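Coordinates in review
Each chain, letter by letter, is given below.
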Amino acid sequence: MNSYIPSLLVPDTALSVAGLTAYIQAILEQDDQLRQVWVTGEVSSATRYRSGLFFTLQDPDAKAAISCVVWNSQFDRLVTQPQQGEQLIILGRIHVHPQRGQYQLIVWQVLPAGEGLRALRYRQLRHRLEAEGLFDAAHKRSLPTHPKTVAVVTSPQAAAWGDIQRTLRRRYPGLHVLFSPALVQGDQAPDSIVDAIQRVEQDGRADVLIVSRGGGAIEDMACFNDERVVRAIATCSIPVIAGIGHQRDESLADLAADVCVHTPTAAAEQAVPRLSALYTEHRERVLALNQVMLYRLGASQEQLLRIHTRLQRLQLDRRVKQEMQTMTWLRLRLVQSTLRQVQQAKQHCYLLKQKLATLDPQAVLKRGYAVVREANGAIVRSAAEIELGQELQIQFGQGQLNVKVTEVLNTSIDD
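These lines cover the structure that appears in this document, whether it is placed above or below. (Residues numbered from 1 in each chain as written. Predicted model: local features only at pLDDT ≥ 70, side-chain atom pairs only at ≥ 80, totals over all residues. Heavy atoms only, no water.)

**Brief notes about the packing of helix 5 (residues 159-171) against helix 9 (residues 264-271)**
- Where helix 5 contacts helix 9, the two axes come as close as 8 Å, and the packing angle between them is 35 degrees. Between helix 5 and helix 9 lies a crossing of right-handed hand. Residues Ala160, Asp163, Ile164, Thr167, Leu168, Arg170 and Arg171 of helix 5 lie in contact with helix 9, whose contacting residues are Pro264, Thr265, Ala268 and Glu269.
- Here the contact of helix 5 with helix 9 is composed, by residue class, of 5 nonpolar, 2 polar and 4 charged. (Axes fitted to C-alpha atoms, helices over the stretch in contact; angles between N-to-C directions. Helix = DSSP H or I, 4+ residues; strand = E, 2+ residues; numbered from the N terminus. Left-handed = near helix turned anticlockwise from the far one by under 90°. Contact = heavy atoms within 4.5 Å. Nonpolar A, V, L, I, M, F, W, Y, C, P; charged D, E, K, R; others polar.)

Structure, rendered in structure tokens:
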């Protein structure tokens, strides 16, 4: 029996184990895609050592696994800590361990996968939009009391549209409803909802806008946590009512809306008042107004009766006559007093006139006296003031003389 042994061409030099490992290390660690790579998988085991946390990440079907390590210097920066059985998304770089001939993933960040990742993204977006003020209560607008046109953004196939129509017809018959259809589930839903809101704004007839859909799985509600939809609701020029999902669900669209309720029916109830309730309220107000008017009328009649009785007790006619007599007597006294004062004033004026006539120089001159004046008009009061040859003026009661002194007699008159 012959055995066949193939001939082998042995090279002059062969790689050492270290050389082969270094070659593999250079290929893996210098690859740009492997120097920063995202990997998703399930944690199958995790052990904490003093240097860091070592764990194994594997596919759910356990067909592949990779060793991972988070050094202590990076551990506190992780969003979530790896726990056995958890689905995670890992960010790290490939590192080759030459001594063991193995490669591992040096981990920089750990994020929850599936529902956990969705919740993380929800929190991050919510905090960012809150910081911008999109959810501030100060920006919320009040709804119109009696809207003429209500716009609705939802899917035409959704049960929410039927619930809203029935509620609006029941509460406010004859209301004009403007429907702007949109997808409310799936990858195309955010753009569809934004376009539907913009159509309502461009139309310009709606007084209030309802954005709604019924309940569903969390992933079905993802479009109402989309940043584009949230911003379209927050910046809408029309007051927005969000009626999305059930009470256990709170979307970012709910926080951005002016009013948030948890069902499409409740959204329609918020949009319009119930006409029957308005009619009942109107009747109650009319009844209350009538009661108030009757009460005020009765009170006024009682007050008028009291005044009439009081007037009768006062005998107003007799008091008026008494007051008129008093006024007549006072008027007579005033006339008499005035006449007396006028007579006294006339007598006083007559006495003053006589006194003035007595003091009048002209009256003295008319009685035969004369006034001697010097040439300059000064009155001569004594013969001693006169000199010989001095010219004087003598004024009589009628006429005047100019004389010249020829002799001065210095005679004195003794008492």
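Let's pick the thread back up.
**Details of the nonpolar core**
- If you look at the biggest cluster of nonpolar residues, it comprises 36 residues, and the most contacted ones within it are Val153, Ile197, Leu209 and Ile233.
- Secondary-structure elements contributing two or more residues to this core are helix 4 (115-132), strand 6 (149-154), helix 6 (189-203), strand 8 (208-213), helix 7 (227-234), strand 9 (240-244) and helix 8 (252-256).
- The element contributing the most residues to this core is helix 6, with 6 residues.
- Every residue in contact with Ile197, bar those within four places of it in the chain, is listed here: Val153, Leu209, Val211, Ala232, Ile233 and Cys236. (Core = buried A, V, L, I, M, F, W, Y, C linked by side-chain atoms within 4.5 Å. Buried < 20%, exposed > 50% of the residue type's maximum accessible area, 1.4 Å probe, protein only.)

**Observations regarding the environment of Glu387**
- Within the secondary structure, Glu387 sits in the loop between strand 11 (371-374) and strand 12 (391-395).
- Classification of Glu387 by relative accessible area gives exposed; the value is 57%.
- Taking the C-alpha atoms as reference points, Glu387 and Leu409, 22 residues apart in sequence, are found 11 Å from one another.
- Setting aside its immediate chain neighbours within four residues, Glu387 contacts Val405 and Val408.

**Remarks on the pairing of strand 8**
- Judged by how many residues are buried, strand 8 sits mostly within the fold: 6 of 6 residues are covered.
- Here 4 bridges tie strand 6 to strand 8, and the two strands are oriented parallel to one another. In the sheet register, Val153 faces strand 8, and the bridge partner there is Val211.
- Both strand 8 and strand 9 contribute to a ladder of 5 bridges, which runs parallel. The residue bridging Ile210 from the neighbouring strand is Ile241, located in strand 9.
- Crossover strand 8 to strand 9 through helix 7 is right-handed. (Pairing = 2+ DSSP bridges. Right-handed = clockwise from strand over helix to strand, strands pointing away.)

**Notes on the side chain of Thr149**
- Residue position: Thr149 is located in strand 6.
- Polar side-chain contacts of Thr149 include one of 3.4 Å to the side chain of His176.
- For Thr149, the contacting residues outside a window of four places in its chain are Leu175, His176, Leu178, Arg205, Ala206, Asp207 and Val208. (Polar contact = N/O pair within 3.5 Å; in protein donor to acceptor, adjacent residues only side chain to side chain.)

**As for the sheet that holds strand 3 (residues 65-71)**
- If you trace the 5 strands once around the closed barrel, you get 1-2-3-5-4, paired in mixed fashion. For this sheet, the mean angle separating the axes of adjacent strands, direction not counted, is 55 degrees.
- As paired elements, strand 3 and strand 5 (residues 102-112) share 3 bridges and run parallel to each other. Pairing of Cys68 across the sheet is with Leu105, part of strand 5.

**Thoughts on the packing of aromatic side chains**
- If you walk through the whole model with that rule in mind, you get 3 aromatic pairs.
- Ring centres of Tyr49 and Phe54 lie 5.5 Å apart, and the angle between their planes is 75 degrees; this geometry places the pair in the edge-to-face category. (Phe/Tyr/Trp six-rings, centres within 6.5 Å; stacked < 30°, edge-to-face > 60°.)

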